[in-house]
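Structural description and commentary
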Amino acid sequence: MIGEIERLLGDEAEALLTYRAKGISAEHLHLPGPDFVDRVFAPSDRSPQVLRSLQQLFDHGRLAGTGYMSILPVDQGIEHSAGASFAPNPIYFDGDNIVKLAIEGGCNAVATTFGVLGFAARKYAHKIPFIVKINHNEFLSYPNKYDQVMFGTVKQAWNLGAVAVGATIYFGSPESSRQIQEVSEAFQAAHELGMATILWCYTRNAAFKTAEKDYHVAADLTGQANHLGVTLQADIIKQKLPENNGGYEALKFGKTHKKVYSELATDHPIEWTRYQVANCYMGRAGLINSGGASGDNDFAEAIRTAVINKRAGGMGLISGRKAFQRPMSEGVKLLNLIQDVYLAREVTIA
């Protein structure tokens, strides 16, 4: 197992697998483990029904009982258009195959739309935990606009057997205040019905991308987005893997502290991701990083992301396009390789 991980990491293997974090110490983190719900959520205000739903997520698939999660997310048919998402492998126009991939791939859960899970409910709700993505960026308006709007209600998600709801907020966007209010109300309703909550904490503002860098994936800005997400009582935070740092300083807005850059989140991907975990209340809300778009080196990129997430103190990976934009057997293999990182004892906390 570790040999395949090292092979896929290539020249980065030693740097990523042996690095020791120098910023925020692992001893301050609430790390994933078999007792995570008892240790972290049981003392909280979450109801027994929410604790049961969270435990269902942790107890399914190849990572059952580890405290880590591997989730298949497929909302791209709306977010990016069905053609852009499913043309590489047209079987996924039929949402039944999305759920099959999650099951065959040994995932903890499948996160997808009302439409997909509505058609699959009676066939699969008792076989794999459902996470309903309740809002989306509708991508058919011309010119294109970027705004997450509700596509259904929390009660609908509960009725089709979901154990959790997921939502996106575009922090930094002109619409973010409305999205914050909508998602806050939806998450309260979900908790009242006994469901867990997952927030896609994305940053979006044209000013966040300069000629030199794209600060939408900066550790400091994504970290603050995470912090806002946990404040909204998200149980799990989904975030893009950080690729740089210094967004506040480069864009010259908001407030930060020099120690963020000199000590807490210095120039290493594990340090940047550790800073994301720290902003999730030191890991009380688990950080799952996204797998990103499909390309020429999907297996290597997915393993790299998983290693960084695990060693930083994260809770897992949520990988979609890399898995479903290829033959199902290859998608299953990719998901299993990601899970192998979290099963490998040799991949330790940095």
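See above for the structure.
Keep in mind the model is a prediction, meaning the values are calculated, not measured.

A separate point is the pairing of strand β8 (residues 236-239). Of the two faces of β8, the one lined by I236 and K238 and the one lined by I237 and Q239 are each fully buried. Inspection of the sheet shows strand β7 (residues 196-203) paired to β8 by three bridges, in the parallel sense. Considered in β8, the bridge of L199 is made with I237. Considered for its hand, the β-α-β crossover made up of β7, helix α10 (residues 219-231) and β8 is right-handed.

Looking now at the packing of helix α13 (residues 269-278) against helix α14 (residues 298-312). At a closest axis distance of 8 Å, the pairing of α13 and α14 adopts a crossing angle of 55°. When the axis of α13 is compared with that of α14, the two are oblique. Viewed along their axes, α13 and α14 form a crossing whose handedness is right-handed. Each of P269, I270, T273, R274 and V277 in α13 lies in contact with α14, whose residues at this interface are R304, I308, N309, R311 and A312. In terms of residue class, the contact of α13 with α14 is made up of five nonpolar, two polar and three charged.

Moving on, we get to the sheet that holds strand β2 (residues 109-112). Taken in spatial order, the eight strands line up as β1-β2-β3-β6-β7-β8-β9-β10 and close into a barrel, and their pairing is parallel. Between one strand and the next, the sheet's axes are offset by a mean angle of 25°, whatever the strand orientation.

Within the element layout of this structure, T113 appears in the loop between β2 and α7 (114-124). The class for T113 is buried, based on a relative accessible area of 11%. Polar contacts involving the side chain of T113 include one to the main-chain amide nitrogen of V116, which spans 3.2 Å. Setting aside residues no more than four positions away along its own chain, T113 makes contact with V74, D75, I78, V132, K133 and H136.

Mapped onto the elements of the fold, P242 is located in the loop between β8 and α11 (247-251). The exposure class of P242 is buried, given its relative accessible area of 3%. Separated by 77 residues in the primary sequence, P242 and S319 place their C-alpha atoms 16 Å from one another. Setting aside residues up to four positions removed in sequence, P242 forms contacts with V217, A219, W272, T273 and Q276.

In terms of nonpolar packing, the biggest core is built from 91 residues, with L72, F130, L199 and I237 touching the most fellow members. Every residue in contact with L199, bar those within four places of it in the chain, is listed here: A167, T168, I169, F171, V183, F187, G229, L232, A234, I236, I237 and K238. Counting residues in hydrophobic clusters, the runner-up holds 25 residues, among them V40, M69, I131 and W200.

Under the definition given, this model contains 16 salt bridges. Where R46 meets D45, a salt bridge forms, and the shortest distance between an N and an O atom there is 3.1 Å. Relative accessible area serves as the criterion here: at 55%, D45 is assigned to the exposed category. One network of salt bridges, in which partners are shared, links D45, R46 and D235.

On to the packing of aromatic side chains. Per the stated rule, a full pass over the model turns up nine aromatic pairs. Each ring, one from F86 and one from F93, has its centre 5.5 Å from the other, and the planes form 70°; the classification is edge-to-face. Pairwise contacts between aromatic rings join F86, Y92, F93 and F324 into one cluster. Above the plane of the ring of Y202 lies K240, whose end atom (NZ or CZ) is 4.8 Å from the centre.

The contact between helix α1 (residues 2-9) and α14 brings their axes to 8 Å, and the two run at 110°. With respect to their mutual orientation, α1 and α14 come out roughly perpendicular. The interaxial crossing formed by α1 with α14 has left-handed handedness. Within the contact between the two elements, α1 uses I5, L8 and L9 and α14 uses F299, A300, I303, R304 and V307.

Calculation criteria
Residues numbered from 1 in each chain as written. Predicted model: local features only at pLDDT ≥ 70, side-chain atom pairs only at ≥ 80, totals over all residues. Heavy atoms only, no water. Buried < 20%, exposed > 50% of the residue type's maximum accessible area, 1.4 Å probe, protein only. Helix = DSSP H or I, 4+ residues; strand = E, 2+ residues; numbered from the N terminus. Pairing = 2+ DSSP bridges. Right-handed = clockwise from strand over helix to strand, strands pointing away. Axes fitted to C-alpha atoms, helices over the stretch in contact; angles between N-to-C directions. Parallel < 35°, antiparallel > 145°, perpendicular 65-115°, else oblique. Left-handed = near helix turned anticlockwise from the far one by under 90°. Contact = heavy atoms within 4.5 Å. Nonpolar A, V, L, I, M, F, W, Y, C, P; charged D, E, K, R; others polar. Polar contact = N/O pair within 3.5 Å; in protein donor to acceptor, adjacent residues only side chain to side chain. Core = buried A, V, L, I, M, F, W, Y, C linked by side-chain atoms within 4.5 Å. Salt bridge = Lys/Arg side-chain N within 4 Å of Asp/Glu carboxyl O. Phe/Tyr/Trp six-rings, centres within 6.5 Å; stacked < 30°, edge-to-face > 60°. Lys NZ or Arg CZ within 6 Å of the ring centre and 35° of its normal.

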